[in-house]
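Okay, here's what each chain looks like letter by letter:
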Amino acid sequence: MNVIIDGYNMIFGVPELGANIDKCDTETLRNKLLLLLERYKEKRKHELIVVFDGNVGPSSTTSVSGIDVVFPRTGLDADEEIKNLVSRSRNPRHIIVVTGDRSIRQFVRKCGCKVVGPLEFFELVQRKTDRLPASGKGNKGKIRDGKEPVSKIMGPSKTESQYWLKVFSEPKGKLTDD
């Protein structure tokens, strides 16, 4: 089964991924989504393709932890790229498209794809990845209550980590707000 994800549509359609963030760079938000999808891919062996808007130049596809990340060429947005991927598929009935965009939903349904909304897919991913890692006797088999934000489970971003490393690397008494 292939899963094509409308990247920014999912990020901004799910509060835990970025819908409530006032100031945050898009790279951090993309990495947050990709980390979540990486954990999902460990549980489900689907082929995951995430399509993001915003490329300058030719189309580019990279692989991050086995997840294909696609940036369409200049002049083509993620919506059109998703439609192209579905149109070129030999068997669109084996594709799930994750998006809340009405025009994409209508197009891919006509092609025979299954469509899932961003929040519904996020909840599915959470259910599949909810088991805590076994780290000692008391933890084995416990399930997270689902109320904690994903950011707490995933840990700090690279920028946040660098900030805190800098803070805790300073000798005592050296930090001032002035």
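The following refers to the structure shown. For clarity, every value in this text was computed on a predicted model and none was experimentally measured. (Residues numbered from 1 in each chain as written. Predicted model: local features only at pLDDT ≥ 70, side-chain atom pairs only at ≥ 80, totals over all residues. Heavy atoms only, no water.)

What follows concerns the pattern of salt bridges. Across all of its chains, the model carries one salt bridge by this definition. Here lysine 83 and glutamate 80 are joined by a salt bridge, their closest N and O atoms 3.7 Å apart. One end of the pair, lysine 83, and the other, glutamate 80, are both in helix H4 (residues 78-88), three residues apart, so they sit about a helical turn from each other. With relative accessibility at 14%, the residue lysine 83 sits in the buried group. We classify glutamate 80 as partly exposed; its relative accessible area is 35%. (Salt bridge = Lys/Arg side-chain N within 4 Å of Asp/Glu carboxyl O. Helix = DSSP H or I, 4+ residues; strand = E, 2+ residues; numbered from the N terminus. Buried < 20%, exposed > 50% of the residue type's maximum accessible area, 1.4 Å probe, protein only.)

Most often, soluble globular proteins keep nonpolar side chains buried together rather than apart. Residues Ile5, Met10, Leu33, Leu37, Val50, Phe52 and Phe121 are the most contacted members of the largest nonpolar core, which totals 25 residues. For this core, the secondary-structure elements that each account for two or more residues are strand E1 (2-6), helix H1 (7-13), helix H3 (26-43), strand E2 (47-51), strand E4 (67-71), strand E5 (95-98) and helix H6 (118-129). The element best represented in this core is H3, accounting for six residues. If near-sequence neighbours (up to four positions away) are discounted, isoleucine 5 is found in contact with Met10, Leu37, Ile49, Val50, Val51, Val98 and Phe121. Within the second largest apolar cluster, 14 residues are counted, among which are Ala78, Ile82, Val86 and Val97. (Core = buried A, V, L, I, M, F, W, Y, C linked by side-chain atoms within 4.5 Å. Contact = heavy atoms within 4.5 Å.)

Turning to the sheet that holds E4, a few remarks are in order. One open sheet accounts for six strands, arranged E3-E4-E2-E1-E5-E6; its pairing is mixed. Each edge of the open sheet is held by one strand with a lone partner, namely strand E3 (60-64) and strand E6 (114-116). Within the sheet, the average angular offset between the axes of one strand and its neighbour, ignoring direction, is 20°. The sheet contact formed by E2 and E4 spans three bridges and is parallel. Each residue of the ladder has a partner; that of valine 51, found in E4, is valine 70. Packed onto the sheet, H4 meets E1, E2, E4 and E5 and runs at close to 165° relative to E1. Sheet strands touched by H6: E1, E5 and E6. Its angle to E6, the strand with the most contacts, is close to 85°. (Pairing = 2+ DSSP bridges. Axes fitted to C-alpha atoms, helices over the stretch in contact; angles between N-to-C directions.)

Turning next to the environment of lysine 32. Within the secondary structure, lysine 32 is located in helix H3. Owing to a relative accessible area of 15%, lysine 32 belongs among the buried residues under this scheme. Considered as a pair, lysine 32 and leucine 17 are 15 residues apart in the sequence and their alpha carbons are 7.0 Å apart. Among the polar contacts listed, one links the side chain of lysine 32 to the backbone oxygen of glutamate 16, at a separation of 3.1 Å. (Polar contact = N/O pair within 3.5 Å; in protein donor to acceptor, adjacent residues only side chain to side chain.)

For the pair H3 and H6, interaxial distance at closest approach is 9 Å and the crossing angle is 60°. In terms of their interaxial angle, H3 and H6 are classed as oblique. Regarding H3 and H6, the two cross each other, and that crossing is left-handed. In contact with Leu36, Leu37, Arg39, Tyr40 and Lys43 of H3, H6 contributes Phe121, Phe122, Leu124, Val125, Lys128 and Thr129. When the residues that make up the contact of H3 with H6 are grouped by side-chain class, the tally is seven nonpolar, one polar and three charged. (Parallel < 35°, antiparallel > 145°, perpendicular 65-115°, else oblique. Left-handed = near helix turned anticlockwise from the far one by under 90°. Nonpolar A, V, L, I, M, F, W, Y, C, P; charged D, E, K, R; others polar.)

Here the focus is H3. Here H3 contains 18 residues, and its C-alpha end-to-end distance of 26 Å stays within 8% of the 26 Å for a straight helix at 1.5 Å per residue. Burial in H3 covers these residues: Thr28, Leu29, Arg30, Lys32, Leu33, Leu34, Leu36, Leu37, Tyr40 and Lys41. (Expected span 1.5 Å × (residues − 1).)

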